[in-house]
Amino acid sequence: MGPPSNSGFYVSRAVALLLAGLVAALLLALAVLAALYGHCERVPPSGLPGLGDSEAESSPPLRQKPTRTPKPSSARELAVTTTPSDWRPPGPWDQLRLPPWLVPLHYDLELWPQLRPDHLPAGSLLFTGRVNITVRCTVATSRLLLHSLFQDCERAEVRGPLSPGTGNATVGRVPVDDVWFAVDTEYMVLELSEPLKPGSSYELQLSFSGLVYEDLKEGLFLNVYTDQGERRALLASQLEPTFARYVFPCFDEPALKATFNITIIHHPSYVALSNMPKLGQSVKEDVNGSKWTVTTFSTTPHMPTYLVAFVICDYDHVNRTERGKEIRIWARKDAIANGSIDFALNITGPTFSFLEDLFNISYSLPKADIIALPSFDNHAMENWGLMIFDESVLLLEPKDQLTEKKILISYIVSHEIGHQWFGNLVTMNWWNNIWLKEGFASYFEFEVINYFNPKLPRNEIFFSNILHNVLREDHALVTRAVALKVEHFKTSEIEELYDLFTYSKGASMARMLSGFLNEHLFVSALKSYLKTFSYSNAEQDDLWRHFQMAIDDQSTVILPATIKKIMDSWTHQSGFPVITLNVSTGIMKQEPFYLEKVKNQTLLTSNDTWIVPILWIKNGTTQSLVWLDQRSKVFPEMQVSDSDHDWVILNLNMTGYYRVNYDKLGWKKLNQQLEKDPKAIPVIHRLQLIDDAFSLSKNNYIEIETALELTKYLAEEDEIIVWHTVLVNLVTRDLVSDVNNYDIYPLLKKYLLKRLNLIWNIYSTIIRENVLALQDDYLALISLEKLFGTACWLGLEDCLQLSKELFTKWVDHPENEIPYPIKDVVLCYGIALGSDKEWDILLNTYTNTTKEEEKIQLAYAMSCSKDPWILNRFMEYAISTSPFTSNETNVIEIVAASEVGRYVAKDFLVDNWQAVSKRYGTQSLINLIYAIGRAITTDLQIVELQQFFSNMLEEHSRISIHAKLQTIKNENLKNKKQNARMAAWLRRNT
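Residues numbered from 1 in each chain as written. Predicted model: local features only at pLDDT ≥ 70, side-chain atom pairs only at ≥ 80, totals over all residues. Heavy atoms only, no water.

**Side note on the side chain of K405**
One can find K405 in helix 5 (residues 405-418). For K405, the contacting residues outside a window of four places in its chain are S392, L395, L396 and D400. (Helix = DSSP H or I, 4+ residues; strand = E, 2+ residues; numbered from the N terminus. Contact = heavy atoms within 4.5 Å.)

**Describing the packing of aromatic side chains**
Tallied over the full model, the rule gives 45 aromatic pairs. Taking the centre distance of 6.1 Å and the plane angle of 65° together, the rings of F354 and F452 count as edge-to-face. Linking F354 in helix 4 (residues 342-359) with F452 in helix 6 (residues 435-452), this pair joins segments that are 98 residues apart in sequence. Note on F354: relative accessible area 14%, which makes it buried. Each residue in the set F352, F359, Y363, W421, F422, W435, F440, Y443, F444, F522, W544 and F547 is aromatic and connected to the rest through ring pairs, giving one cluster. Between K906 and the ring centre of F948, over which it is positioned, the NZ or CZ distance is 5.3 Å. Geometry around Y930 places K964 over its ring, the cationic atom sitting 5.6 Å from the centre. (Phe/Tyr/Trp six-rings, centres within 6.5 Å; stacked < 30°, edge-to-face > 60°. Buried < 20%, exposed > 50% of the residue type's maximum accessible area, 1.4 Å probe, protein only. Lys NZ or Arg CZ within 6 Å of the ring centre and 35° of its normal.)

**As for the UniProt feature "active site" (unreviewed entry) in the protein chain**
Listed under "active site" (unreviewed entry) in the UniProt record, and renumbered for this structure, are E416. Take E416: it is sitting in helix 5. Here E416 falls in the buried class, since its relative accessible area comes to 0%. (UniProt positions renumbered as here; feature names shortened; annotations may be inferred.)

**As for the sheet that holds strand 31 (residues 632-634)**
Taking strand neighbours across the sheet as the criterion, the four strands line up as 31-26-25-33 in an open arrangement whose pairing is mixed. Of all strands in the sheet, those with a lone pairing partner are strand 31 and strand 33 (659-662), marking the two edges. The average angle at which neighbouring strand axes cross in this sheet is 20°, direction not considered. The pairing of strand 25 (residues 577-582) with strand 26 (residues 587-592) spans six bridges and is antiparallel. Each residue of the ladder has a partner; that of V578, found in strand 26, is E591. (Pairing = 2+ DSSP bridges. Axes fitted to C-alpha atoms, helices over the stretch in contact; angles between N-to-C directions.)

**Quick word on the packing of helix 24 (residues 868-880) against helix 27 (residues 901-920)**
Angle between the axes and distance between the axes: these two values describe a pair of packed helices. Running from amino to carboxyl end, helix 24 crosses helix 27 at an angle of 5°, the nearest separation of the two axes being 10 Å. Classified by the angle between their axes, helix 24 and helix 27 sit roughly parallel to one another. Contact with helix 24, carried on its side by P868, L871, N872, M875, E876, A878 and I879, involves G901, V904, A905, F908, N912, A915, V916, R919 and Y920 of helix 27 and no other residues of that element. A per-class count over the contact of helix 24 with helix 27 returns eleven nonpolar, three polar and two charged. (Parallel < 35°, antiparallel > 145°, perpendicular 65-115°, else oblique. Nonpolar A, V, L, I, M, F, W, Y, C, P; charged D, E, K, R; others polar.)

Below, the structure is given as C-alpha cells:
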C-alpha cells in the first residue's frame, strides 16, 4: 500500500475527524453484522451467474441460520451456522493461521454487483458471486478451512479427486455435510462425509452473496461522486492485507499464491477493470429481463489474494505505450478533460522502464491500469495490473503549482510501481516481514525521483520526508521492531503493522545497507533475490542470503560479520543507538536512545548492541568506513588536535540509522567551524548537527546550551531547510501557544530577528517578485510556512506588512491567490491584525465554499482573532448556525488552542457545555480540558480545572483526565526548567 501520509492536521482538527470516522465505522460494522449474521434465513438468488445455470441448480443450497432446520428436498440441504468460540469444540478454527492441509492452485472467480446508473445505491448494495477453487490436498482431512467474512454461503460442493491429464475432469464428488462460520477467526468450515486424499487435487465450488458499503473502504466499496454535473457511483476493491475474505471465500494468506480467472458482471454502461487485460465480453439477462455485460479477463500470474482487484466505473482514460505494454490512467471525465491526469501519465512509463533496467527484470503483466478514485482511504494500492489511487495523490491541478503536490505524486506513483517487484513479483511469506515490500518500495521511490531529478538534494529530502519523522518516534522502549519474530497475528494486529516503522524505518534500513556496501553490490544482490523468488515468497533470511552471496563473490567490500548478523541487529530489535565520540581520546561508544533518559540508564545486554557502520568526514574529507561492533572501541584516527581547522562528523550523509553525540571538545570544534565557515560543512550535516543536538538535549544526553551554541552562526545560513530544522526544534507549538513564556519571548525575538535577515530577504523577495520560481523548489515549499509563521510571530515588521498586502489583494480581487505555502499564515495574520470586517469576509467565503480542505483552513484562520467578542460569536455560530453544523471542524477546540481563545472558550463553556457536547460529543469536552489546561504547572490548577468541568463529565472520565493532567503538569514543569536555561543562555548571547 501507499506510504502513510506525513501531512496532517493539528490535534484538535484530527480529533474531530477521527471521532466522526470511528463512530461511522462502528455503526456500519454493527449494521453489517446484523445484516449478515443476525437473520434467520436467506434464500439463494436464482439464476446465479457463473459456470452455467445447470450447475447452479444442481448444487445443494446452503442457508445461514442460527440452528439447523430440515426441509424436504430431493437434494441434500444444509444449514449454515455461525459459531462463537464458546459454543464450539476446540479445533484448528481457533488458530490464527490456516492449517497446511490444502494448497490453493487456481481460482475461477465471478462477481455480480447490482450497480446500476439509473438506481444509485443509498449506502449499500447487494453483490452475488461464485468461486471454484482448485486445491491440492497435503494431509487427509474431512474438515476444510478457508477464510470468509461478511458473506452468506448459498451453496457448497467439493468435486474430485481431479484426474490429471484430462483437463481436471472430475471423477466424483465428496459430500458436504455441514458448513459453518467461526466468525472470530474469520473462517468458513466445510464438514465432509469422507476425508480428502493426500496428493490429490479437488475443486471447491462455492456460491455466496454479500453487501457493499459506501463508507467502508475494505473489501468491495462504493464511491458516490459528481462528474460532468451528474451524481454517479463506482465500485472498487481494497483487499490488502486481509480483506479478500470480505469479498469471496479464499485462502487469504500471502504465501498461498494461486492463479485467478476473473469474471465481472456489470451494467452495460459501465466499464469493468481487473488485474489482467479483458479477454472477452458477452451479454446475460437476469430474471427480470435486464441485460448485463459479462466481462472476462485473462489468467493472472501466481499471486496472493490481497492483490486481486476489481473496479466497475463510468470513467474515461488516457493511455500510452511503454516498451510494447499499454499504460492506461482512468479518472473522472472532468479530470481527463482538464488534463489533470497528464502529469501522472508522463511519469508512469519512464518509472516502469527505469526499474526494469535497474533490476533486469521486465514488468510481468501485459498492461498496467491506474485509476483515481474520488475517495480512497488508503491513498494508494499496488494491485498487480490495476493500481488504485485517491484523486488527491494522482491528479495535478493548475492551482497545485505552488504546492509540493507534483513531487508527492511522483513519490507515491514510484512507490506503487516499485511494489510490482517488491511485493507483487516477490511476496513476503508472512506479514511479520511486511517491511520487505513496504521498506524497499519506500526506498526506491527516492531512487526513482533522484534519477529523473538529479538536481534535487537527495539526502536533505530523505531526511525531511523519512528520517526526521521516524527518529522522532523511535526509541529503545518501543516494542516494535521492523521484522517481527512472531508469526501469529490477529487481523487488527496485521493492520497495525502498516506504520511509520514498516515504511520509514524499513526504507532507512535499505538506505543504510546500500550506504555501507556500494550501489552496484546492493543492486546486484537485489537482482539475484528478485529473480530467485519471482512468483514466489521470501523471508528476511532469504534476502540476507542473497546479499551474502553477492558479498562472497567479490573482495572489495569487507564486513566485520555476516550480513545476517549485521542487519538482524537492526531489524530484530526496537530503537536505535546513540553513538558518542570522544575526539580527545578517539573512544567511540554506543548506547540505546531513550526518551528522557535517566542518568546512567542502560538496558544493554550482550545481545542488545548494534553492529554500526560508521561513515565519517574529517575536516571536510570523506574517510574510510569503520565499524563499531562492540559497546566501545578506540579509533585513534578520529582524534583531533587543538587546531581550529580540525573537526570530525560521523554518519556521512546520514545514511546510518542513529544519532551522533560528541564530547565537549567535539561540539566546540563544530561550533567554531560553523561560525568561521559554515559552508565547509555540507547542508545535510548542518541539518544533522541541529537535529541531533536538540533531540539529545531534550532527552538528557547533552545540555540544552550545547544545542543552542550551534545556532550562533545562523546569520550566515541561507538554506531554508536548515532554518526549518532549527525553528521546528526551537520554536515549538508549546512555546508559541503558551502565553506564560513572556520571559523567553523577548529574548528569543531579539536573538532570532538578528539572524533571520538573510534567509528572510531571500524568500520575501521571491514571494513579492516571482513567486512561481518556487514551484520546483521542494524544500522551500515544505519549509516556507514555518519560516513565515515564525517571522510574523516574532513581530518582524516586513512579515506582518507582507501578510497584510497579500491578504488585502486577495480580499479585493480573489483571483489574486495567496501563495499556497504561506496561505495559512497570511489568513491567520489577516484576521489577527484586522477587525470584524475581515472576519466577516472569511465567514462569507467559508459559507460559500464546498471544498472541505478550504473550510478547515478558513475555520482555523477565523480562530486567530484577538478580539474575545469575535471568538465568542464564532463559537455561538458553530453550535447554532448551518455553515458550521454541516461541517465536522471542531470550532470550540480550535478557538481554545489559540492564546486568547483559551480563556474565551473556558468562559463560553459555562453556559454552553451541553450544546457543545451535543454538537461535538463528550470526547470534545475532554479534549477541551487538555487544551484549556495545557499550561498548568500546579496541583491547585488541576483541582480548579476539574472542579470547573465536574458537572460536565462522568465519573470514569474524571479519573483518566486527572492522570492526563498530571502528565501535562509534569511535562510543563520540565519545559519550564528548560526554558529558564534557554532564557539564561539567550541573555548571555543576545
